[in-house]
Amino acid sequence: MRIVFSVGDIHGIGPEIILKSFLKLRETGHSFVVAGSYKAMEFYLTRLGLPVELELVSDVSAVEGLCATHCGVLPVLSVAEPTQVKPGVISAEAGRIAMLSVAAAAELCRQGVCDAMVTAPINKEAVALAGFRESGHTGFLGKLFGVDSPCMMFYDPVSELRVALATIHEPLERVPELIRTMDLEGFLERLALSMRTDFGLAHPRIAVLGLNPHASDGGVMGSEEMAAIAPAIGRAARSVQVEGPFAADGFFGAGRYRNYDMTVAMYHDQGLLPFKVLAFDTGVNITLGLPIVRTSPDHGTSFDIAGSGKASERSFYEATILALKIARCRKEES
């Protein structure tokens, strides 16, 4: 298989974790290519003194010619080059390169040149400075492929914990109305389908968390559970193994997530706070619902250590291994 890495923010740890991961991946028999900046990759390679050989790739036809025997060299498809590389600095130029890299990687997958993409971290402020309306990977990729509501999911290969978000990067004040008006039943059905096609789980077991404290205690602390969440679970249960709504604190505190293949959180921090406590170094972010396979590490650009050699590649490496597994599952399913 062939995997494309988008370079991420060139002033963050993206290039470093790509290089370090490649050192572990290059003997796997698969081929890898970076979409992004050759100058940035060369800058970090020289600065960190890593034993990787880079090769500048000029166009898609050159990427198509790559094969597993190319495993000792990391090709870089240059989509844009910076005037200067400045580790730890937020800049519009770095944000622009990051998103052009994502778009180029996605196109390689759309054309079937690559089997999956793994995205290095981007910085939302830099992306916004570059003028992009969609500052995150999930929304940007959804727009590229015409998918209105791609699902943001997180997976830990060590504990097998999986968390999906009903709402993504939304202000808390908007979440209750979004929960009341969204097609939660359809979300659960699509999630179960993705679990089957991407993870090979024939009958995935899904747990749904409540929105309010104690899942509202029967309506005492909010109405969303009784008005929207529980009815959607009831309807979805006709075709999906799904239970809830559960009080989030007790659910994670008692380790009940171990009884399910997937936990659905109502908003970002409800799901990501416990996930990152349990799986900060090994967690992987997956975008479900896209026609291509996309994974990423579960951390940010880490500007404070960019270029220092201190960045851990574990999450990026795990994201690549998972991308290979999902791509294989999809091929077997089709």
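From a predicted model like this one, the values you see are computed outputs, not experimental measurements.

Caption draft 1: The overall build of the protein, seen in detail. For the protein, the count of helices and strands is 12 helices and 12 strands. In terms of overall dimensions, the protein is globule-like: its C-alpha atoms have a radius of gyration of 20 Å, near the 20 Å expected for 334 residues. Once the C-alpha set of the protein is aligned to its principal axes, its extents read approximately 60 × 40 × 35 Å. The 334 residues of the protein split such that 54% are buried. Across the protein, contacts joining residues at least 24 apart in sequence account for 73% of those joining residues at least 6 apart. For the protein, the accessible surface area stands at approximately 13,700 Å², while carbon and sulfur atoms represent 51% of it. Positive and negative side-chain charges of the protein, numbering 30 and 38 respectively, have mean locations separated by a distance of 1 Å.

Caption draft 2: Broad picture of the side chain of D198. If you trace the backbone, D198 turns up in helix α8 (residues 184-199). Overall, D198 belongs to the buried group, its relative accessible area being 3%. Side chain to side chain, D198 and T197 meet in a polar contact 3.4 Å long. Setting aside residues up to four positions removed in sequence, D198 forms contacts with L288, I326, C329 and R330.

Caption draft 3: Broad picture of the packing of aromatic side chains. According to the stated counting rule, one finds 12 aromatic pairs in the structure shown. Relative to Y260, the ring of F246 lies with its centre 5.9 Å away and its plane at 55°, an arrangement referred to as tilted. Of this pair, F246 sits in strand β9 (residues 241-246) while Y260 is found in the loop between α10 (248-253) and β10 (262-265), placing the two residues 14 residues apart along the sequence. These aromatic residues form a ring-pair network of at least three members: F246, F251, F252, Y257 and Y260. One residue, K24, lies across the ring of Y317, its end atom 5.6 Å from the ring centre. Between R162 and the ring centre of F199, over which it is positioned, the NZ or CZ distance is 4.9 Å.

Caption draft 4: Representation of the sheet that holds strand β2 (residues 31-36) in the model. Pairing within the open sheet is mixed, and its 12 strands lie in the order β3-β4-β2-β1-β5-β12-β11-β6-β7-β10-β8-β9. Since the sheet does not close on itself, it has two edges, and those belong to β3 (53-57) and β9, each with one partner. In this sheet, neighbouring strand axes are inclined to one another by 25° on average, regardless of whether the strands run parallel or antiparallel. As paired strands, strand β1 (residues 2-6) and strand β5 (residues 116-119) are joined by four bridges and run parallel to one another. What sits directly across from I3, in β5, is A116. The sheet contacts of helix α9 (residues 224-236) involve β8 (205-209) and β9, and relative to β9 the element is tilted by about 165°.

Definitions and cut-offs
- Residues numbered from 1 in each chain as written.
- Predicted model: local features only at pLDDT ≥ 70, side-chain atom pairs only at ≥ 80, totals over all residues.
- Heavy atoms only, no water.
- Helix = DSSP H or I, 4+ residues; strand = E, 2+ residues; numbered from the N terminus.
- Rg over C-alpha atoms; globule rule 2.2 N^0.38 Å.
- Buried < 20%, exposed > 50% of the residue type's maximum accessible area, 1.4 Å probe, protein only.
- Contact = heavy atoms within 4.5 Å.
- Areas by Shrake-Rupley, 256 points an atom, 1.4 Å probe, with all protein chains shown as cover.
- Lys, Arg positive; Asp, Glu negative; His and termini not counted.
- Charge placed at Lys NZ, Arg CZ, Asp CG, Glu CD.
- Polar contact = N/O pair within 3.5 Å; in protein donor to acceptor, adjacent residues only side chain to side chain.
- Phe/Tyr/Trp six-rings, centres within 6.5 Å; stacked < 30°, edge-to-face > 60°.
- Lys NZ or Arg CZ within 6 Å of the ring centre and 35° of its normal.
- Pairing = 2+ DSSP bridges.
- Axes fitted to C-alpha atoms, helices over the stretch in contact; angles between N-to-C directions.

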